[in-house]
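Listed below are the residues making up each chain.
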Amino acid sequence: MTGRAAARRRWLLPGAAALLLVAGGVGAWTYTTHREVQQTGIKVYKALEDDGMPLRPGVLDDPVFRALPAPAQPPSLGRYIPPKGQAAPAGTSAPTPGPFIERDSSAQLARRKVHILLIGNDQPALGRGRGDTLLSLTFDPVARTLYFLSIPRDTRIELPGHGLVKINAAYAYGGASLQTTAVERFLGVPFDKYVEVSLDGFVQAIDAVGGVDVDSALDFELDGQHITRGRLHLAGEQALAYARMRHDDPQGDLGRNARQQQVVRALMRALGGLDTPELTRVLGRLSDSVRTNFSPSEVVKLRAAHAYMLDHQTAERVRGENRKIGGVWYYVVPDRERQRLNLLLR
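Structure report, in brief. Keep in mind that what you see is a predicted model, and the values were worked out from it rather than measured.

What counts, and at which threshold
- Sequence order as written defines the numbering, with residues in each chain counted from 1.
- Side-chain atom pairs in this predicted model are given and counted only at pLDDT of 80 or more, local residue features only at pLDDT of at least 70, and totals for whole chains, interfaces and linings cover all residues.
- The side-chain values count all of the structure's non-hydrogen atoms but skip hydrogen atoms and water molecules.
- Only runs of H or I of at least four residues qualify as helices and only runs of E of at least two qualify as strands under DSSP, and these elements are numbered from the N terminus.
- Three labels apply to residues, based on accessible area from a 1.4 Å probe with only protein chains included: buried if under 20% of the type maximum, exposed if over 50%, partly exposed otherwise in between.
- Only the protein chains shown count as covering a residue, and every accessible area follows the Shrake-Rupley method with a 1.4 Å probe.
- Two strands make a pair as long as DSSP finds a minimum of two bridges between them.
- Axes here refer to lines fitted to C-alpha atoms; in helices the fit is confined to the stretch in contact. Angles between the N-to-C directions go from 0 to 180 degrees.
- Should any heavy atoms of two residues lie within 4.5 Å, those residues are considered in contact.

## So, the overall build of the chain
- Helix and strand content of the chain: 10 helices and 14 strands.
- The buried share of the chain, taken over its 346 residues, is 54%.
- In the form shown here, the chain has an accessible surface area of approximately 14,700 Å², with 51% of it arising from carbon and sulfur atoms.

Here it is, written out as structure tokens:
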């Protein structure tokens with residue numbers, strides 16, 4: 001497994017690729033396109049450093065979560081396996097051999113929550129800059145709800161080996177692997193999958209579906225794009241400006257996060273309307289701008305197991321406050337809020 005990746009504009013919305021993979025539906029993997037999609041899947045596939053490995057100390061054992069009541073059922077370990085001598089939670093499997101690390105059958109995925117982390121860097125290419133957008137998607141088969149949680153990039157965390165930092169700095173220090181671990185530590189929840197997308201990948205995805213429709217509450221201009229109030233149809237560069245602006249928003253980063261989620265939902269609707277050949281072409285166009293530990297077969301299984309995802313969605317937010325510490329502005333999240341999010345998502 002490869003080592004951690006080293007650390008123009010911030011694009012702030014990685015959901016394009018993940019939503020293409022998940023919301024596109026099972027139809028994209030018919031017999032006639034299976035080979036093409038499988039080849040693209042191999043090209044974009046990249047396992048995280050700890051995928052299929054035992055859970056290491058310090059990832060999910062923060063004292064903040066110890067006082068919480070035990071869940072009714074043992075939670076999934078996500079991309080990890082139990083430490084030696086510890087049994088796996090019911091409904092999970094060991095990783096399968098082959099080019100992809102796969103763990104769950106369709107039946108297993110339908111019985112438990114699935115957590116996906118979307119990471120968008122702030123550069124045209126992958127593996128550079130910072131993780132400028134961090135969006136958690138939780139598929140809950142009991143509540144039959146897809147939860148969106150945007151994690152403010154300035155969130156203050158303790159990052160082992162680096163001290164107290166903004167959470168998005170983890171990407172610069174260790175790429176998608178360390179960024180995923182940092183979010184897992186913050187929420188106390190293991191992620192099953194991640195999707196990493198570059199700035200250029202976002203613009204390409206929006207243009208590939210013919211643009212997205214949004215309801216804008218603000219009038220502003222950014223990077224030569226003028227956004228007005230009201231119902232708008234946005235092409236890629238326009239959607240980029242709409243999703244990344246924060247200084248002219250009275251709610252700052254929280255307002256930007258809400259607009260990111262609005263574009264994600266619009267993109268999901270647009271992807272749901274594409275036929276099989278169109279979906280295949282879009283995925284091929286994004287192959288240089290996307291990395292993920294999803295395999296093609298897992299995408300099919302996830303979509304089949306959580307078919308409610310397009311119709312039942314809930315947006316959550318991280319509650320905290322902006323605070324200047326040592327001359328640097330952070331978003332400070334109290335322990336009780338981290339506990340609330342853990343209980344909601346685990």
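## Some details on unusual backbone geometry
- Phi is positive for arginine 144, which is not a glycine, with a value near 50°.
- Turning to its location among the elements, arginine 144 is positioned in the loop between strand E2 (131–140) and strand E3 (145–150).
- Overall, the relative accessible area of 46% leaves arginine 144 in the partly exposed class.
- With a phi angle near 50°, aspartate 223 is a residue other than glycine that sits in the positive phi range.
- With respect to the helices, strands and loops of the structure, aspartate 223 is situated in the loop between strand E8 (220–222) and strand E9 (225–227).
- Among the residues examined, aspartate 223 registers a relative accessible area of 42% and is labelled partly exposed.

## Concerning helix H6 (residues 236–244)
- Among the 9 residues in H6, 7 count as buried, and that is most of the element.
- Those residues of H6 not exposed but buried are Gly236, Ala239, Leu240, Ala241, Tyr242, Ala243 and Arg244.

## Looking at the sheet that holds E3
- With mixed pairing, the 6 strands of this open sheet are ordered in space as E11-E6-E1-E2-E3-E12. In the strand order of this sheet, the two ends are held by strand E11 (290–292) and strand E12 (313–317), each with one partner. The mean inter-strand angle of the sheet, taken between neighbouring strand axes irrespective of direction, is 20°.
- Taken together, the 3 bridges between strand E6 (residues 193–197) and E11 define a ladder with antiparallel strand orientation. Across the sheet, residue valine 195 finds its bridge partner in E11, namely threonine 292.
- Seen against the sheet, helix H4 (residues 169–187) touches strand E1 (114–121), E2, E3 and E6 and runs at an angle of roughly 140° to E1.

Interpretation in functional terms is not warranted from these geometric data alone.
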